[in-house]
Amino acid sequence: MDMSKHSQASFSLRMLWQQFTRILSLPIMAIVYGVDWIISRLIEPVIGSRRMPYFFVLPNMLIFVLFILTPVLLNFVFAFTGGSSTALSNRFGVGLANFERLFDCGDITNYLTCREDVFIRAIGNTTLYIAIEVPAMIIVAMIIALALNQEIRLRGFFRSAFFFPVLLSPVVVALIWKWMLQERGGLINTIISMFGGEPINFYVNGEWMMFWAIFVSVWAQVGFYALILLAGLQGIPPSLFEAARIDGANSMQQFWRVTLPLLRPTLLVVLVLTLIRGVQMFDHIYVLTGGGPGTSTTLMVQYIYRTGFEPPNNWGLAAAVSLLLAVVLAILTIFQLFLNRKQTEAV
Amino acid sequence: MARTAERDTASYKWWGSHILGFLFRKQGGKRMNLTDWLTYAFLIVGTVIMFFPVLWMIMSSFKPISTLLQTPPTFLPYYPETIVIPGRDRPLPLLDVKLEDGSIKRMAQLSRVGRAARVLDIENPDAPPINVPLENVTPVQTVRFDLTNYTTAIERFPFFTYLRNSVVITISATILTLLINSMAAYALSKFRFRGRSVIFLLILSALMVPLAVIMIPVFLVIGWVGLGGNLLGVIIPPAATPTGVFLLRQYMLTIPDELIEAARIDGASEWRIYWRIVLPLAAPALAVLAIFSFMWRWNDFLWPLIVLGGKTELSTLQIGLNSFQGELNVQWDLILAMTVLSIIPVVIVFAFLQKYITSGIASTGIKG
């Protein structure tokens, strides 16, 4: 009884799908043949077959020139000019004034004595964030990868469990945790009171919020790095462990002498990737804390966003900070490309 | 080997130990040692930490605001039961009242007076209400997965506007990404032409300038070309992704040149070779890029935030969610419901295409 019902349902679903594809196939065919005809018959003869490669790269290059190359050049222009106007003709050269303003401090170790105290604070916050987040991320990802690399049941399930937050949007991740951290109705505070502690209003404590910002970034992204490390682990030939075992190495020695040295290229890639993303960190924390309380979780990118897009829209200053950030990122990215190249050569 | 071992365990009389044995046994039927126990302990604790926040959000999204903010919170969504009593203009909450003689009676609450509740006898509503101290009172609640929060959220917020914008952006940006990146990848993998290495280097260098670094000038350029406050401004600029070009180029390098040569000898135009031969052959790589592009666009936050400038009628789901959570009095019941709705497409994609995503990341290292 149940069976026939089931097959009937799937049968009608198949009918629906057939109808759907029949209706859709006509416009799709029209597009496939239409585009083919227009470009092959009308455009290619005009351009000439030999110049077709240029036609193929044209859309990409147009977007690249317009939305990457031009902005990069403009960023230089803005960083060295002043004024609140965005029209280039109304901007005037100020030399290095924007950069001088950023580092205009009575005492560089105390951000309160600086003219752009939020900027100095943001540098400090970003440094602190990276200094904790990057090692935490790598260590946790490494442990997950090692655990998943064991002979275990339900490996696919456990892998998905650690991986799925990677696919959630930063806004959703931040909202999930913002809700977890509420003083009323939040799960973390419920657990604290269950063990007899006083509920904590995390949102008014800068140090707590920095902790949670780091925790949430690790929670959201660790699956991604664990996956890369797992691929690296699985690339180590099992015969090496076999040989180490025969030579009498225990599992600790195997880890330090075989796993780690052979995983070093992958670990380096992960390190650079986490650094690059740490420097650019914005959305998770922006939604979770808004940079607060005060400016205690304001990172570099949020500082750029605030300076540029919130009144009084100091474009020059924001561009100057962008330029500094770009230098850091460029160094890291070149390093990453170099590593990638070395790795592919090794393979 | 593993199969016979499984059949052996199936003969265990106590099925509970069978399940435990299945879970906690190494492949090949070896017994567990300390490392295995630690591994499982870590994996299970980790799974709870990863899953529970999401589960908590989903459960919370079904709770009415009264249950949502109560301390201590409950895991399941409890709804206070109410009763309609003739002569009273609104439904009254039901209470289990412990009377002075120790018996428990179900009564309706009229109001709260200090630390006491004014309650009414249900069977005899005309009798004068009595006051009982709050400690003798427990509200009657039932677990219900009620969709009120969802319907209210959809009514109160311009949910369908956000949804439409997100869908339009995601689908058109993905199609555009596939088209222009595969064109560029084809040219870079199968042609020798002047300037090829320069173009390749330019695309490579685009990796170095993420949006976060150039958001100020990009915002201005988008305004100058007339795409500011326009969905096209979100769709077009990120479509030329270097990662996409690399992924497709690597794949197209494996397509044999002879195939293309043969088509050329048969008189096919260059476009037709790309459109009718190379594209279908590159379908697996295109599929991987399509999944990633879908994820990138659906979850994107910074780009629409900058380009769309906070206009409600142009906002995506992500921007909408963010703007409502930033209000002074956050309406958590509605926000949570909308958040759950916004992750449904991602969950569907993950459920069906997980294998491609994970193998795509593991083999290319592109961002998920």
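Note that the structure is predicted; figures quoted are calculated from it, not measured. (Residues numbered from 1 in each chain as written. Chains lettered and ligands numbered in written order. Predicted model: local features only at pLDDT ≥ 70, side-chain atom pairs only at ≥ 80, totals over all residues. Heavy atoms only, no water.)

S.K.: Any chance you could explain a nonpolar patch on the surface here in plain terms?
M.R.: Residues L66(A), V77(A), L88(A), W224(B) and V225(B) make up a contiguous nonpolar surface patch of about 410 Å² in total accessible area. In this structure, W224(B) sits in helix α8 (residues 211-224). According to the relative accessible area criterion, W224(B) is partly exposed, its value standing at 46%. (Patch = residues over 30% accessible without salt bridge, like charges linked within 9 Å, V, L, I, M, F, W, Y side chains within 5 Å. Areas by Shrake-Rupley, 256 points an atom, 1.4 Å probe, with all protein chains shown as cover. Salt bridge = Lys/Arg side-chain N within 4 Å of Asp/Glu carboxyl O. Helix = DSSP H or I, 4+ residues; strand = E, 2+ residues; numbered from the N terminus. Buried < 20%, exposed > 50% of the residue type's maximum accessible area, 1.4 Å probe, protein only.)

S.K.: Is there a simple way to explain the packing of helix α5 (residues 155-163) of chain A against helix α3 (residues 34-60) of chain B in this structure?
M.R.: Their axes nearest at 9 Å, the elements α5(A) and α3(B) cross at an angle of 40°. As judged from the angle between their axes, α5(A) and α3(B) are oblique. Of the two elements, α5(A) crosses α3(B), and the hand of that crossing is left-handed. In this structure, α5(A) contributes F157(A), F158(A), A161(A) and F162(A) to the contact, and α3(B) contributes Y40(B), F42(B), L43(B), I44(B), G46(B), T47(B), M50(B) and F51(B). Across the contact of α5(A) with α3(B), the residue classes tally to 10 nonpolar, 2 polar and no charged. (Axes fitted to C-alpha atoms, helices over the stretch in contact; angles between N-to-C directions. Parallel < 35°, antiparallel > 145°, perpendicular 65-115°, else oblique. Left-handed = near helix turned anticlockwise from the far one by under 90°. Contact = heavy atoms within 4.5 Å. Nonpolar A, V, L, I, M, F, W, Y, C, P; charged D, E, K, R; others polar.)

S.K.: What is the right way to read the pattern of salt bridges from this model?
M.R.: Note on pairing: side chains with opposite charge can pair once their charged atoms come close. Evaluation of the coordinates by the stated rule reveals 11 salt bridges over all chains. For R144(B), the salt bridge identified is with E81(B), shortest N-O distance 3.3 Å. Here the residue R144(B) occupies a position in the loop between β8 (141-143) and α5 (148-156), and E81(B) occupies one in the loop between β1 (78-80) and β2 (82-83), the gap between them amounting to 63 residues. Taking relative accessible area as the criterion, R144(B) reaches 35% and is therefore assigned partly exposed. Salt bridges sharing common partners tie together D36(A), R272(B) and R276(B).

S.K.: Sorry, what's going on with the confidence of the model for chain B here?
M.R.: The predicted coordinates ought not to be read in detail in places where the model reports low pLDDT. Residues and elements named next belong to chain B. For chain B, the mean per-residue pLDDT works out to 83, and 89% of the residues sit at or above 70. When pLDDT is averaged over each helix and strand of chain B, the minimum, 46, is found for helix α1 (residues 2-10) and the maximum, 93, for helix α6 (residues 159-190). pLDDT under 50 marks residues 1-14. Its contacts with residues more than four places away, or in other chains, come to 8 contacts. Confidence estimates for the predicted assembly give a pTM of 0.84 and an ipTM of 0.82. (pLDDT = per-residue confidence, 0-100.)

S.K.: Explanation requested: the interface of chain B and chain A in the structure shown.
M.R.: Listed per partner, the contact involves 102 residues of chain B and 96 residues of chain A. Taking both sides of the interface into account, the surface hidden between chain B and chain A amounts to around 9,200 Å²; carbon and sulfur atoms contribute 77%. Looking only at chain B, the three residues that lose the most surface to chain A are M50(B), I216(B) and W271(B), adding up to 8% of its buried area. Summed over the shared surface of chain B and chain A, the number is 2 salt bridges. With its nearest N and O atoms 2.6 Å apart, the salt bridge here joins R276(B) to D36(A). Our enumeration of links across chain B and chain A arrives at 17 residue pairs in polar contact (both at pLDDT 80 or more). The biggest single contributor to the side of chain B that touches chain A is α3(B), with 18 residues. For the side of chain B that touches chain A, the class distribution of residues is 71 nonpolar, 21 polar and 10 charged. (Buried area = accessible area lost by both parts, 1.4 Å probe. Polar contact = N/O pair within 3.5 Å; in protein donor to acceptor, adjacent residues only side chain to side chain.)

S.K.: Help me understand the environment of V216(A), please; the structure alone is not making it clear to me.
M.R.: Along the chain, V216(A) falls in helix α8 (residues 206-234). Considered as a pair, V216(A) and A141(A) are 75 residues apart in the sequence and their alpha carbons are 14 Å apart.

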